[in-house]
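Here's the letter readout for the chains.
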Amino acid sequence: MVRSQHSEWVILGFSGLSKAPGFKRQRLPGLDEREYAIFQGADAAAAVVAEGRVVAAAAEERFDGTKHSAAFPAGAAKYCLAAANVNAASLDLVAHSFSYGPVRNFYMGQSGYYRELFEQVLDPELIQAEVENSLGVELGDKFLPVPHHLAHAASAYNPSGFRDALVLVSDGLGERNSATAYVARPGHFEVVAEVPAHDSLGLLYGLFTLYLG
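Keep in mind it's a predicted model, so treat the numbers as computed, not measured.

A. Local environment of the overall build of the protein. From N to C terminus, the protein includes nine helices and eight strands. In summary, the protein has a C-alpha radius of gyration of 17 Å against a globular reference of 17 Å for 213 residues, a match within 12%. Dimensions along the principal axes, computed over C-alpha positions, put the protein at roughly 50 × 40 × 35 Å. Expressed as a percentage of the 213 residues in the protein, the buried residues total 38%. Long-range contacts, defined here as pairs at least 24 residues apart, represent 58% of the contacts in the protein between residues at least 6 apart. As displayed, the protein has an accessible area near 11900 Å², and 55% of this comes from carbon and sulfur atoms.

Laid out in structure tokens, this is it:
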């Protein structure tokens, strides 16, 4: 379910997993630089939605000068807040385009790399603390991790003008799936099919392009 009924809310949304590149370099030393460029959470960005419409959006690379920046989008967020003429304290919600909380047990049940990945990169509590530190506010229950494919689906469906729609999301990897199909209606997205990450066409594409240089 998406909280679209709160159309009067002012919401800051952001993407990216800022600690992913550093974790990969630390945990997997000796890789080729092109291999270090493959990670989840690049192209960090932010947007502000107010009264049911996007009023500002920006990519972090425009502020830190790093192509496909994976840094926490502090510059983009501050720009969007200023463009929307709101301050962080007045936000009704801050949404992040990943939701790893529901799969916490999978990662914490592992040892080594995947457990550390969750603890150091993916944990929603860690990400919320980073947001609060950057924005200078305490969010409490106003921080909302959104399943990655649901975020993609909502960004396509909500401005589409369709009342009823079939929405297909296909990328490298969400939390655990590489593709998800939804039946979308106002305020509601129903999952009707999923493709797991190990069958990802996006990851296959990435591996072949890496191999080809």
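B. Highlighting empty space enclosed by the protein. Applying the stated criterion across every chain, the model contains one cavity of 30 Å³ or more. Counted as a void, the largest cavity has a volume near 80 Å³. Forming the boundary of the largest cavity are 16 residues, of which Gly 16, Leu 17, Ser 18, Ile 127 and Glu 130 lie nearest the centre. Broken down by element, the lining of the largest cavity gets its largest block of residues, three residues, from helix α7 (residues 124–135). The class makeup of the residues in the lining of the largest cavity is ten nonpolar, four polar and two charged.

C. Quick look at the pattern of salt bridges. All chains considered together, the criterion is met by seven salt bridges. A salt bridge links Arg 27 to Glu 116, with the shortest nitrogen-to-oxygen separation between them at 2.8 Å. Linking Arg 27 in helix α1 (residues 20–27) with Glu 116 in helix α6 (residues 113–122), this pair joins segments that are 89 residues apart in sequence. For Arg 27, a relative accessible area of 30% gives the class partly exposed. Among the residues examined, Glu 116 registers a relative accessible area of 25% and is labelled partly exposed. As a salt-bridge pair, Glu 119 and Arg 115 come within 3.4 Å of each other at their nearest N and O atoms.

D. A look at the packing of α1 against α6. Here α1 crosses α6 at 145 degrees, and the two axes come no closer than 10 Å. The handedness of the crossing between α1 and α6 is right-handed. In contact with Ala 20, Phe 23, Gln 26 and Arg 27 of α1, α6 contributes Tyr 113, Glu 116, Leu 117, Gln 120 and Val 121. Residue composition of the contact of α1 with α6, by class: five nonpolar, two polar and two charged.

E. The arrangement of the layout of surface pockets in detail. What the second largest pocket holds in volume is close to 180 Å³. Forming the boundary of the second largest pocket are 13 residues, of which Pro 147, His 149, Glu 175, Tyr 182 and Glu 194 lie nearest the centre. If you list the elements that add at least two residues to the lining of the second largest pocket, you get α8 (148–157), β7 (177–185) and β8 (188–196). Of the residues contributing to the lining of the second largest pocket, the split by class is six nonpolar, four polar and three charged.

The rules behind the values
- Residues numbered from 1 in each chain as written.
- Predicted model: local features only at pLDDT ≥ 70, side-chain atom pairs only at ≥ 80, totals over all residues.
- Heavy atoms only, no water.
- Helix = DSSP H or I, 4+ residues; strand = E, 2+ residues; numbered from the N terminus.
- Rg over C-alpha atoms; globule rule 2.2 N^0.38 Å.
- Buried < 20%, exposed > 50% of the residue type's maximum accessible area, 1.4 Å probe, protein only.
- Contact = heavy atoms within 4.5 Å.
- Areas by Shrake-Rupley, 256 points an atom, 1.4 Å probe, with all protein chains shown as cover.
- 1 Å grid on protein atoms, 1.4 Å probe; cavity = no way out; pocket = protein on both sides within 12 Å on 5 of 7 lines; lining within 4 Å.
- Points joined across faces, edges and corners; volume = space filled by probe spheres on them.
- Nonpolar A, V, L, I, M, F, W, Y, C, P; charged D, E, K, R; others polar.
- Salt bridge = Lys/Arg side-chain N within 4 Å of Asp/Glu carboxyl O.
- Axes fitted to C-alpha atoms, helices over the stretch in contact; angles between N-to-C directions.
- Left-handed = near helix turned anticlockwise from the far one by under 90°.

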